[in-house]
Each structure stands twice: as C-alpha cells, then as structure tokens.
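Below, each chain spelled out in residue letters.
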Amino acid sequence: MAQTLYDKLWNSHVVHVEEDGTALLYIDRHLVHEVTSPQAFEGLKLAGRKVWRIDSVVATADHNTPTTGWERGIDGIEDATSRLQVETLDANIREFGAKAYFPFLDRRQGIVHVIGPEQGATLPGMTVVCGDSHTSTHGAFACLAHGIGTSEVEHVLATQCLITRKMKNMRVSVEGALGRGVGAKDIALAVIGKIGTAGGTGYAVEFAGSAIRALSMEGRMTLCNMAIEAGARAGMVAVDQTTIDYLKGRPLAPQGVDWNQAVATGARCRATPTRDSARMRWMPGDPCRSHWGIRRDCGPCREVPTGKERTGQRRD
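Residues numbered from 1 in each chain as written. Predicted model: local features only at pLDDT ≥ 70, side-chain atom pairs only at ≥ 80, totals over all residues. Heavy atoms only, no water.

Description of the overall build of the chain
Phase 1: In terms of helices and strands, the chain carries eleven helices and 14 strands.
Phase 2: For the chain, the residues scored as buried account for 51% of the 316 residues in total.
Phase 3: Taking the intrachain contacts of the chain between residues at least 6 apart in sequence as the baseline, contacts between residues at least 24 apart amount to 73%.
Phase 4: As displayed, the chain offers around 14800 Å² of accessible surface, 51% of which is attributable to carbon and sulfur atoms. (Helix = DSSP H or I, 4+ residues; strand = E, 2+ residues; numbered from the N terminus. Buried < 20%, exposed > 50% of the residue type's maximum accessible area, 1.4 Å probe, protein only. Contact = heavy atoms within 4.5 Å. Areas by Shrake-Rupley, 256 points an atom, 1.4 Å probe, with all protein chains shown as cover.)

Quick word on the packing of helix 6 (residues 184–195) against helix 8 (residues 217–225)
Angle between the axes and distance between the axes are the two parameters that describe a pair of packed helices.
Phase 1: Remark: helix 6 packs on helix 8, axes separated minimally by 8 Å, with the N-to-C direction vectors making an angle of 25 degrees. Taken together, helix 6 and helix 8 sit at an angle that is classed as roughly parallel. Here the hand of the crossing between helix 6 and helix 8 comes out right-handed. Counting all contacts with helix 6, which are made through Ala184, Lys185, Ile187 and Ala188, the residues of helix 8 involved are Gly219, Thr222 and Leu223.
Phase 2: Among the residues making up the contact of helix 6 with helix 8, the classes are represented as four nonpolar, two polar and one charged. (Axes fitted to C-alpha atoms, helices over the stretch in contact; angles between N-to-C directions. Parallel < 35°, antiparallel > 145°, perpendicular 65-115°, else oblique. Left-handed = near helix turned anticlockwise from the far one by under 90°. Nonpolar A, V, L, I, M, F, W, Y, C, P; charged D, E, K, R; others polar.)

Thoughts on the nonpolar core
Phase 1: Counting residues in each nonpolar core, the largest one holds 56 residues, and the members touching the most others are Phe141, Leu144, Phe207, Ile212, Leu223 and Met236.
Phase 2: When residues of this core are assigned to their parent elements, the largest contribution, five residues, is made by helix 6.
Phase 3: In contact with Leu223, other than residues within four places in its own chain, are Ala184, Ile187, Ala188, Phe207, Ile212 and Leu215.
Phase 4: In this structure, Leu44, Val51, Ala59 and Ala61 belong to the second largest nonpolar core, which totals 23 residues. (Core = buried A, V, L, I, M, F, W, Y, C linked by side-chain atoms within 4.5 Å.)

A closer look at the sheet that holds strand 3 (residues 29–32)
Phase 1: Spatially, five strands are ordered 5-4-3-6-7 in an open sheet, and the strand pairing comes out parallel. The open sheet has two edge strands, strand 5 (100–102) and strand 7 (144–147), and neither has a second partner. Neighbour to neighbour, the strand axes of the sheet diverge by 15 degrees on average, direction disregarded.
Phase 2: Summarising the sheet, strand 4 (residues 57–60) and strand 5 pair through three bridges and their orientation is parallel. (Pairing = 2+ DSSP bridges.)

Observations concerning unusual backbone geometry
Phase 1: At Ala142, a residue that is not glycine, the phi angle is positive and equals roughly 60 degrees.
Phase 2: Mapping Ala142 onto the fold places it in the loop between strand 6 (127–130) and strand 7.
Phase 3: Of note in this structure, Gln160 is not a glycine but carries a positive phi near 70 degrees.
Phase 4: Mapping Gln160 onto the fold places it in the loop between helix 5 (150–159) and strand 8 (161–165).

Notes on the pattern of salt bridges
Phase 1: Evaluation of the coordinates by the stated rule reveals nine salt bridges.
Phase 2: Salt-bridge contacts for Lys166 lead to Asp7; the nearest nitrogen and oxygen are separated by 2.9 Å. Taken together, the residues span a long stretch of sequence, with Lys166 in the loop between strand 8 and strand 9 (168–174) and Asp7 in helix 1 (residues 5–11) at a distance of 159 residues.
Phase 3: With relative accessibility at 39%, the residue Lys166 sits in the partly exposed group.
Phase 4: On the basis of relative accessible area, Asp7 is assigned to the buried category, the value being 8%.
Phase 5: Here Arg171 ties to Glu206 by a salt bridge, and the two come within 3.2 Å at their closest N and O atoms. (Salt bridge = Lys/Arg side-chain N within 4 Å of Asp/Glu carboxyl O.)

Details of the sheet that holds strand 1 (residues 14–17)
Phase 1: With respect to topology, three strands assemble into an open sheet ordered 1-2-8, the strand pairing being antiparallel. This sheet does not close on itself; its edge strands, each paired only once, are strand 1 and strand 8. Sheet twist, expressed as the average angle between the axes of neighbouring strands with direction ignored, equals 25 degrees.
Phase 2: Bridge count between strand 1 and strand 2 (residues 22–26): three bridges; the pairing is antiparallel. Bridge pairing in strand 2 links Val14 to Leu25.

Observations regarding the side chain of Gln160
Phase 1: With relative accessibility at 1%, the residue Gln160 sits in the buried group.
Phase 2: Only 2.8 Å separates the side chain of Gln160 from the backbone oxygen of Ile27, close enough to count as a polar contact.
Phase 3: Apart from the residues within four sequence positions on either side, Gln160 is in contact with Leu25, Tyr26, Ile27, Asp28, Trp52, Arg53, Ser56 and His155. (Polar contact = N/O pair within 3.5 Å; in protein donor to acceptor, adjacent residues only side chain to side chain.)

Structural notes on the environment of Thr4
Phase 1: By secondary structure assignment, the location of Thr4 is in the segment before helix 1.
Phase 2: A relative accessible area of 3% places Thr4 in the buried class.

Thoughts on helix 5
Phase 1: Among the residues of helix 5, Val153, Val156, Leu157 and Ala158 are the ones counted as buried.
Phase 2: In this fold, the buried residues of helix 5 make contact with strand 3, helix 2 (38–47), strand 4, strand 6 and strand 8.

Some details on the packing of aromatic side chains
Phase 1: Enumeration according to the criterion identifies four aromatic pairs in this entry.
Phase 2: Consider the rings of Trp70 and Phe104, whose centres lie 5.3 Å apart with planes at 75 degrees: the pair is edge-to-face. Taken together, the residues Trp70 in the loop between strand 4 and helix 3 (80–96) and Phe104 in the loop between strand 5 and helix 4 (112–119) connect sequence positions 34 residues apart.
Phase 3: With relative accessibility at 30%, the residue Trp70 sits in the partly exposed group.
Phase 4: Looking at Phe104, the relative accessible area reads 8%, which means it is buried.
Phase 5: Between the NZ or CZ atom of Arg250 and the centre of the ring of Tyr246, over which it lies, the distance is 4.0 Å. (Phe/Tyr/Trp six-rings, centres within 6.5 Å; stacked < 30°, edge-to-face > 60°. Lys NZ or Arg CZ within 6 Å of the ring centre and 35° of its normal.)

Below is the structure:
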C-alpha cells in the first residue's frame, strides 16, 4: 500500500499505540543544548537514572553563546544566567556523556540545527528531537524531526522514546523554476500566505515538486524550518542525490560499509502521495516562484509578493 514519507518514518519507529491513539515513538537522534537540558539532566540525577543511549546524543552550546569576545573565554558570556547554563551543560555532558559535544569556544560549536547536518549527525530515515521548536529543520534530510518540551527531553534521555500522537499528512507540491532571487523563504511565506499561520496545525508537511528538488540542502532546511510558522509540527523533503551528496564524508556520517547501508536506508525515504493527504499544488507562473515574498505588519500570514505591491496600497 502506498505510504507518504511521514507514514514510512512513523511506521518504522512506532513502538506501541494505545487504543486512544497515544503512542510511543523510538527516537534515533537527540540534539541537546544548554537552555532546555538542565532541568532534564537534574531530573535524571534525582531519579538515579542514566542516559539510555549515549550515542544518540549530540550536544552543543547554542542559544547563550556570543559571536564576539571569545578571547575572554567563558567571561565573554556577560549575562550570569546565560553563563551558568553553558557551564551546567559542560558539567552534565561530562557526567552523562554524548556521542559528540561541541562546547562554547569549540570552532565546531554553533546553532544546533546547523551543526547536526554539517557534522553528518542528521541522516535520512531518522527520528530527530530537540528541546527547540525549529527542530523541523532536519526534515530536509527525510527525517521526522520536531521540537519537544523540557519534560520530554528528560523522558527521551531516560527511555529513548517519546509519548506522542500521529499527525495528519499534508503534501505541498511546487512545480516549475523559481524566479531570479526567489528562494526557500519565499516559498514558505507563499505557503503561509495561502493557508495561514494555523493551516498546518496537526499536520506533518511534505514538500515536493520540481521547485523543491532544485533547492540546495540549505534551502530545504530553511523551508522545513519555517513549516512551524504555518502551524505544522514537522516539515520534510524526500531523499534524492542532493541529500546523499551533502552528507557523504561528513565527520559523524557513517563510513565504508556502514555508509552503503545508510544510503540504502535513505533510498526507502521516498514516498507516494495517498488519498488521505491534504494537498496543495502550484504551477509555473504562481507568485511564489516569480516574486520575493514579504510580510505585511507583523504576521507571517500577511504576506504579499513584491511584484504585486503598489504605491499607496493599503496595509490594514
């Protein structure tokens, strides 16, 4: 039977489903940073628990790290609370361990949703979670990726599973060539402009079509990142050669025979749309490919293509 990409990812990771739809989902990759992890690690300590699978954890100092003042070391983080969070992450990783840790002042340290892909820790077919709403970024690599809360961070650290419910399917197909200067952000704003900031609520959104396949991995990451701005919990793009070429040879990516197995796993992360998917389809000539998208006022759903702006156009 035909399955969407989301269906494939869900079915290959679901551990148990209760009669009311509550499910346990196995998690492959857990990304950890300094803001949502302190309470989770403290909960493990109080309960006398260890991290269930250390090699699933990739951690970095992220939200509270300055881009300047590194010559001052830890004192370069001037805010006391921010500095404490970074120091606490250092201590927790020393105590509990991780597959990889990129601390403050490490040249590989950075935004958690950038370092995962650039280090090869995000692979097709994975379930990926992080205590951050923009975890959907990793869906660009044909992953089921979404943010979780602090109590869920603790639960995943302790059990390697997440308590959740299955989402509905939505497929957004964008066909044709993008106009000059038009990119992934403009596609995302066009989607939000059509369905609103709550249009994706309850859905896992798969982006498809020739315009999506033409995007770089960075563009796809941007698009999946912004799926949450449409109310969706997850956005994703199926595997193709662009995905494989980006990941090959990355520091944490599998090597040799293991790489061949990873590619074979990724090849299964292609999908066939099913009748129960909500669908949107755009063809060449639609504004999202011919104009830059901008927001009006302060809401992402109040988007207009720049080519349709006119002097004196009302903004209310």
